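Overview (structure and organization)
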Amino acid sequence: ARKAGQVAPEQDEEGNDINPHIPQYIAKAPWYLNANAPSLKHQKAQHLRDAPATGPSALEAWYPRGSQSVAQGRPQSVFKKGACTNCGATTHSAKSCLERPRAKGARWTGRGLRPDDVVAEVRLDWEGKRDRWNGYDPRSYAQVIKRHEALEVERRELKQADLDQRAAASSANVPSAALERKDDEAHNDDSGGESEYKLTADGEVMAHEKDVDTKGTARNLRIREDTAKYLRNLDLKSAYYDPKTRSMRQDPTPGVAADDKDYAGDNFVRFSGDVAQFAQLELHALKAGQEGRDVPHLQADPSLAEMLHKEYRKRREKLER
């Protein structure tokens, strides 16, 4: 009755409605929880139930980095049993100590005892666990900016030095061999990316690079001599061009006569020739199959199906007369 909406849905102790379409093995609490009222709290983890509400403070919570606790405002002076034998901190062992291994550890010397590390318990929710930028310090990106600025300054200095060298060589009217070599290298770099397209016999477009060893076949390339579909009519309210499929279904130039234009949209090709006749043949075979008539399959025996369709059309024309 609750699924049909005839009875109001159940409510938990907080007054929230329980979806009646939830299966019983999910909505029903285990027997050892002694749940006297309907509830869905048993489906949520205990640490998530006790966690504070999510917000900026919950998302920004992270482990402290480089923080060390000092007991009562002063470092420890006596080695404690069970502490790290290398540095003397009680929060980790010698195996996980990150300090340089000492020749004689703090266990035997009793000097240079390091304070304990701050062990924080960060309780993250579902979003905090999957936040890829959680714990990231934006101030660390300043080093990347500084490095790129230094590279930009160096690039400008090199470019200015190159311009000064060229100006000095041109004023002296003496061509420098180094400048000619640079010009040749720059020309080779610019011409290396050039490529010419050639249409093969099977209709594919081959991209021939300058190097014979690097050849690639690029499919779905429009022949450069053809006019692009979106350039046939520059009106914004004309036929829509889909850039992903490179298709324009409507006629971009409806005001031009059919004999004077070489492109009338992609739908013109779909509805020209024998396409309409084949669609009628498919419709005839579909209706005959639905009515229970013994008609040959259109794909298995298309010739016989077309002959029956012609006979059907002749009989229909006779009856109409």
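Since the model is a prediction, treat every value here as computed from it, not as a measurement. (Residues numbered from 1 in each chain as written. Predicted model: local features only at pLDDT ≥ 70, side-chain atom pairs only at ≥ 80, totals over all residues. Heavy atoms only, no water.)

All right, on to the overall build of the protein then. When helices and strands are tallied, the protein shows 10 helices and 5 strands. In the protein, once contacts between residues fewer than 6 apart in sequence are set aside, the share between residues at least 24 apart is 34%. About 26800 Å² of surface is accessible on the protein, with carbon and sulfur atoms providing 51% of the total. (Helix = DSSP H or I, 4+ residues; strand = E, 2+ residues; numbered from the N terminus. Contact = heavy atoms within 4.5 Å. Areas by Shrake-Rupley, 256 points an atom, 1.4 Å probe, with all protein chains shown as cover.)

This next bit is on the side chain of His284. Locating His284 in the fold gives a position in helix 9 (residues 275-290). Relative accessible area serves as the criterion here: at 15%, His284 is assigned to the buried category. What His284 contacts, discounting residues up to four positions off in sequence, is His309 and Tyr312. (Buried < 20%, exposed > 50% of the residue type's maximum accessible area, 1.4 Å probe, protein only.)

This paragraph deals with the pattern of salt bridges. Overall, the coordinates contain 13 salt bridges when judged by the stated rule. For the salt bridge of Arg155 with Glu152, the shortest nitrogen-to-oxygen distance reads 2.6 Å. Taken as a pair, Arg155 and Glu152 lie in helix 6 (residues 141-172) at a separation of 3 residues, close to a single helical turn. Of the residues examined, Arg155 reaches a relative accessible area of 44% and is grouped as partly exposed. Look at Glu152 and you get partly exposed, because its relative accessible area is 29%. Here Asp266 makes a salt bridge to Lys229, at a shortest N to O gap of 3.4 Å. Remark: Lys229 occurs in the loop between strand 5 (215-218) and helix 8 (266-270) and Asp266 occurs in helix 8; sequence separation between them is 37 residues. Taking the relative accessible area as the measure of exposure, Lys229 reaches 24% and is therefore partly exposed. Connected through salt bridges with shared partners, the residues Glu13, Glu14 and Lys41 form a single ionic network. (Salt bridge = Lys/Arg side-chain N within 4 Å of Asp/Glu carboxyl O.)

Here helix 9 spans 23 Å end to end across 16 residues, near enough to the 22 Å set by a 1.5 Å rise per residue. Among the residues of helix 9, those classed as buried are Leu281, His284 and Ala288. Down the axis, helix 9 shows its buried residues gathered within 60° of arc, on one side only. Those residues of helix 9 that are buried lie in contact with helix 10 (302-320). Gly292 sits one or two positions beyond helix 9 and adopts a positive phi of about 85°. (Expected span 1.5 Å × (residues − 1). Arc of directions from axis to C-beta.)

This next bit is on the packing of helix 9 against helix 10. Their axes nearest at 10 Å, the elements helix 9 and helix 10 cross at an angle of 90°. Classed by the angle they form, the pair helix 9 and helix 10 counts as roughly perpendicular. Contacts between helix 9 and helix 10 involve Gln277, Gln280, Leu281 and His284 on the former and, on the latter, Ala305, Glu306, His309, Tyr312 and Arg313. Split by residue class, the contact of helix 9 with helix 10 holds 3 nonpolar, 4 polar and 2 charged. (Axes fitted to C-alpha atoms, helices over the stretch in contact; angles between N-to-C directions. Parallel < 35°, antiparallel > 145°, perpendicular 65-115°, else oblique. Nonpolar A, V, L, I, M, F, W, Y, C, P; charged D, E, K, R; others polar.)

So, about a positive patch on the surface. A contiguous patch of positive charge, built from Lys310, Arg313, Lys314, Arg315, Lys318 and Arg321, is present on the exposed surface. Inspection of the secondary structure assignment puts Arg313 in helix 10. Given a relative accessible area of 36%, Arg313 falls into the partly exposed group. (Patch = residues over 30% accessible without salt bridge, like charges linked within 9 Å, V, L, I, M, F, W, Y side chains within 5 Å. Lys, Arg positive; Asp, Glu negative; His and termini not counted. Charge placed at Lys NZ, Arg CZ, Asp CG, Glu CD.)

We now examine the side chain of Asp12. Here Asp12 lies in the segment before helix 1 (24-27). The side chain of Asp12 is buried and forms no salt bridge, while Lys41, the nearest opposite charge, is found at 7.2 Å. A polar atom in the side chain of Asp12 sits 2.7 Å from the backbone nitrogen of Asn16. Aside from chain neighbours lying at most four places away, what touches Asp12 is Ile18, Pro38 and Ser39. (Polar contact = N/O pair within 3.5 Å; in protein donor to acceptor, adjacent residues only side chain to side chain.)

Note that all results are geometric; they support no functional claim without further evidence.
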